[in-house]
Structure formats: structure tokens, C-alpha cells
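Reading the structure
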Amino acid sequence: MDFYIKESGVRTSFEYGQLDISGDETFGYRPYQLMVASIAGCSIGVFRKILDKQRTEYEDIKVTADITRNPDEANRIENIKLHFVIKGYHLNQDKLLKNLQVSSKNCSMVQSVKDSIEVEETLECIELSR
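Residues numbered from 1 in each chain as written. Predicted model: local features only at pLDDT ≥ 70, side-chain atom pairs only at ≥ 80, totals over all residues. Heavy atoms only, no water.

1. Describing the overall build of the chain
Helix and strand counts for the chain stand at three helices and six strands. Scanning the chain from its N terminus toward the C terminus, one meets helices and strands in the order β-β-β-α-β-β-α-α-β. Seen along its three principal axes, the alpha-carbon backbone of the chain occupies a region of about 55 × 35 × 25 Å. Residues counted as buried form 29% of the 130 residues belonging to the chain. In the chain, once contacts between residues fewer than 6 apart in sequence are set aside, the share between residues at least 24 apart is 56%. As presented, the chain carries roughly 8,900 Å² of accessible surface, and 48% of it is formed by carbon and sulfur atoms. Side chains of the chain give 17 positive and 21 negative charges; the mean places of these two sets differ by 6 Å. (Helix = DSSP H or I, 4+ residues; strand = E, 2+ residues; numbered from the N terminus. Buried < 20%, exposed > 50% of the residue type's maximum accessible area, 1.4 Å probe, protein only. Contact = heavy atoms within 4.5 Å. Areas by Shrake-Rupley, 256 points an atom, 1.4 Å probe, with all protein chains shown as cover. Lys, Arg positive; Asp, Glu negative; His and termini not counted. Charge placed at Lys NZ, Arg CZ, Asp CG, Glu CD.)

Here's what the structure looks like:
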């Protein structure tokens, strides 16, 4: 990966497109946003793969991230609470919680930060009817 300095931040390009990074949101994504997006995106992606392999019927999965930062330590991220909301049919919450634990152990981004950022995951099931 190559990164280039620009007037208001940093720019890089990937196959999907250009990415602008800046401490000022008007010029690009803030670094902490990218960190949290990587962790949440990886986590929900691995969770989805597990559910698809088990043929779990669901209509939607959403994850909300609540971030705690420490202003006394360079505003570092100390905790990320990921709250998963899954909507579907005949959902088994206990099985889904086990699947979420497996996904956390197999998410490369969660595992990359496990000794420096606490990642907590909670699950809410919304049962749909046909």
C-alpha cells in the first residue's frame, strides 16, 4: 500500500477506489473511524459467513459501535462495544451468541487489537413473522 501526503491529510488508492484520511472530517475519514469500521466490518462479515453456512434464516443484521476513547492517552481507543441486531425467523439466541463468539475468534481485525482495545459484543434478536 502506498500513502501520499496531501494538503489536508493523506490519500491512498485501492482497486475499489480512492481513500482520503484526515483528522478533519471535511477532508476525509478520521483514522479512528477507519479503525472502528475495520473491526465492525470484519466482525459482521465473519458472523454473516457463519450464519450463511448454517443456513440461518435472517432478513437483516445491523451492528452499532459505541467507542470509548482516552483523552489522557493521545485519545486512543480503549473500548469498542459492538451491538448486533439480527432480524429473522425462528432465531435461536443461544446458538447465535455462540456463533458470535466463534466469529470474534475468527475475525482478523478483532484478534489484531485484542491486547490493546477491549471489544465487547452483544446480541439482540428480533423475531419476524411471515
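2. Let's talk about a nonpolar patch on the surface
On the surface, M1, F3 and F14 cluster together to form a nonpolar patch covering roughly 380 Å² of accessible area. For F14, the position within the fold is in the loop between β2 (9-13) and β3 (18-21). On the basis of relative accessible area, F14 is assigned to the partly exposed category, the value being 39%. (Patch = residues over 30% accessible without salt bridge, like charges linked within 9 Å, V, L, I, M, F, W, Y side chains within 5 Å. Salt bridge = Lys/Arg side-chain N within 4 Å of Asp/Glu carboxyl O.)

3. A word on the packing of helix α1 (residues 31-53) against helix α2 (residues 93-106)
At a closest axis distance of 9 Å, the pairing of α1 and α2 adopts a crossing angle of 125°. Between α1 and α2, the angle is such that the two are oblique. Crossing of α1 against α2: the hand is right-handed. Listed contacts from α2 to S43, V46, F47, I50 and L51 of α1 are L96, N99, L100, V102, S103 and N106. Residue classes in the contact of α1 with α2 are distributed as seven nonpolar, four polar and no charged. (Axes fitted to C-alpha atoms, helices over the stretch in contact; angles between N-to-C directions. Parallel < 35°, antiparallel > 145°, perpendicular 65-115°, else oblique. Left-handed = near helix turned anticlockwise from the far one by under 90°. Nonpolar A, V, L, I, M, F, W, Y, C, P; charged D, E, K, R; others polar.)

4. Some thoughts on the pairing of β3
As judged from the four bridges shared by β2 and β3, these two strands associate in the antiparallel manner. Note that in β3 the partner of R11 across the bridge is D20. Adjacent in sequence and paired antiparallel, β2 and β3 are bridged by four residues, among which G17 carries a positive phi angle near 155°. (Pairing = 2+ DSSP bridges.)

5. Some details on the side chain of N99
Examined against the element boundaries, N99 turns out to sit in helix α2. A relative accessible area of 6% means that N99 is categorised as buried. In this structure, N99 is in contact with F47, I50, L51 and Q54, ignoring residues within four places of it in sequence.

6. So, the environment of L34
Within the secondary structure layout, L34 lies in helix α1. Separated by 13 residues in the primary sequence, L34 and I21 place their C-alpha atoms 8.7 Å from one another. Excluding its chain neighbours within four sequence positions, the residues that come into contact with L34 are L19, I21 and Y29.

7. Focus: the pattern of salt bridges
Applying the stated rule across the entire model yields four salt bridges. Between K6 and D20 there is a salt bridge; the shortest N-O distance is 3.5 Å. With a gap of 14 residues between them, K6 in strand β1 (residues 4-6) and D20 in strand β3 connect regions that are remote in the sequence. Classification of D20 by relative accessible area gives buried; the value is 18%. When the shortest N-O distance is used, the salt bridge between E25 and R30 registers 3.6 Å. For R30, a relative accessible area of 24% puts it in the partly exposed group. Salt bridges sharing partners connect three or more residues here, namely K6, R11 and D20.

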